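# Observations on chain architecture
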Amino acid sequence: MSGAMSGAPSGATSSATQPYDERLTVPRSWWFLAFGVGVAMALIMFPFGPLPMLAGLAGGTAVAMMAVSSYGSARIRVVAGSLVAGKARIPVTALGEATVLDPAETVAWRSHKADPRAYMLMRSYVPTALKVDVTDPQDPTPYVYLSTRSPKRLAEALAAVRTAP
């Protein structure tokens, strides 16, 4: 990524009027799977006695839950005239047309229609997405693909920021 698509600073500030903010949290069932990883670690440690088994349960569960939490912490925001998606911060002025993708188009654009140069914030458990063209001539990225539960709201927020004075 180059041009308009650079990493967002870790201390990004938000404005008083934030038209869109979404966290792509994982499904609840993933938390049970994380506990299952802890149980598996406990079973692996079973031959070594009860204390290592308890340590395996606690340690395995904690590591798996941290991984699930990290994966589900991706955010999409429209703030201060920019689209912030994951680590990318893109000025709205560098963005073109936004296309709302239904579930079938979402799968197509994350597989056989995908351009390897595109910036993609994908989450397979989110059934819909938004594809936004990048119009900055300095940036080789053709579009931004964002998994979102509210693609219409995100497109409206981008349009509102683009037309705001």
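So, here's what we can say about the structure. Source: prediction; values computed, not measured. (Residues numbered from 1 in each chain as written. Predicted model: local features only at pLDDT ≥ 70, side-chain atom pairs only at ≥ 80, totals over all residues. Heavy atoms only, no water.)

On to the side chain of D115. Mapped onto the fold, D115 is located in the loop between α3 (103-110) and β7 (119-121). Within the local environment of D115, its side chain forms a polar contact with the backbone nitrogen of R117, the two atoms lying 2.9 Å apart. D115 has contacts with P142 and Y143, leaving out every residue within four places of it along the chain. (Helix = DSSP H or I, 4+ residues; strand = E, 2+ residues; numbered from the N terminus. Polar contact = N/O pair within 3.5 Å; in protein donor to acceptor, adjacent residues only side chain to side chain. Contact = heavy atoms within 4.5 Å.)

Attention now moves to the pairing of strand β2 (residues 20-23). Alternating positions in β2 separate cleanly, Y20 and E22 being buried on one face and D21 and R23 remaining unburied on the opposite face. Bridging between β2 and strand β3 (residues 75-79) involves four bridges; their strand directions are antiparallel. Pairing of E22 across the sheet is with I76, part of β3. (Buried < 20%, exposed > 50% of the residue type's maximum accessible area, 1.4 Å probe, protein only. Pairing = 2+ DSSP bridges.)

Note on helix geometry: an α-helix contains 3.6 residues per turn, so any two residues three or four positions apart are oriented the same way. Helix length check: helix α2 (residues 50-71) (22 residues) gives 31 Å between terminal C-alpha atoms against 32 Å at 1.5 Å per residue, within 8%. The inward-facing, buried residues of α2 abut α1 (29-45). (Expected span 1.5 Å × (residues − 1).)

Buried within α3 are the following residues: T106, A108 and W109. The buried residues of α3 occupy an angular sector of 165° when projected down its axis, which confines them to one face. With a side-chain oxygen lying 3.1 Å from the backbone nitrogen of A104, the N-terminal cap of α3 falls on D102. (Arc of directions from axis to C-beta.)

Glancing now at the packing of α1 against α2. For the pair α1 and α2, interaxial distance at closest approach is 7 Å and the crossing angle is 150°. One finds that α1 runs roughly antiparallel with respect to α2. Considering the relative orientation of α1 and α2, their crossing is right-handed. Contacts between α1 and α2 involve W30, W31, A34, F35, V37, G38, V39, M41, A42 and M45 on the former and, on the latter, P52, M53, G56, L57, G60, T61, A64, M65, V68, S69 and Y71. Within the contact of α1 with α2, the residues separate by chemical class into 16 nonpolar, five polar and no charged. (Axes fitted to C-alpha atoms, helices over the stretch in contact; angles between N-to-C directions. Parallel < 35°, antiparallel > 145°, perpendicular 65-115°, else oblique. Left-handed = near helix turned anticlockwise from the far one by under 90°. Nonpolar A, V, L, I, M, F, W, Y, C, P; charged D, E, K, R; others polar.)

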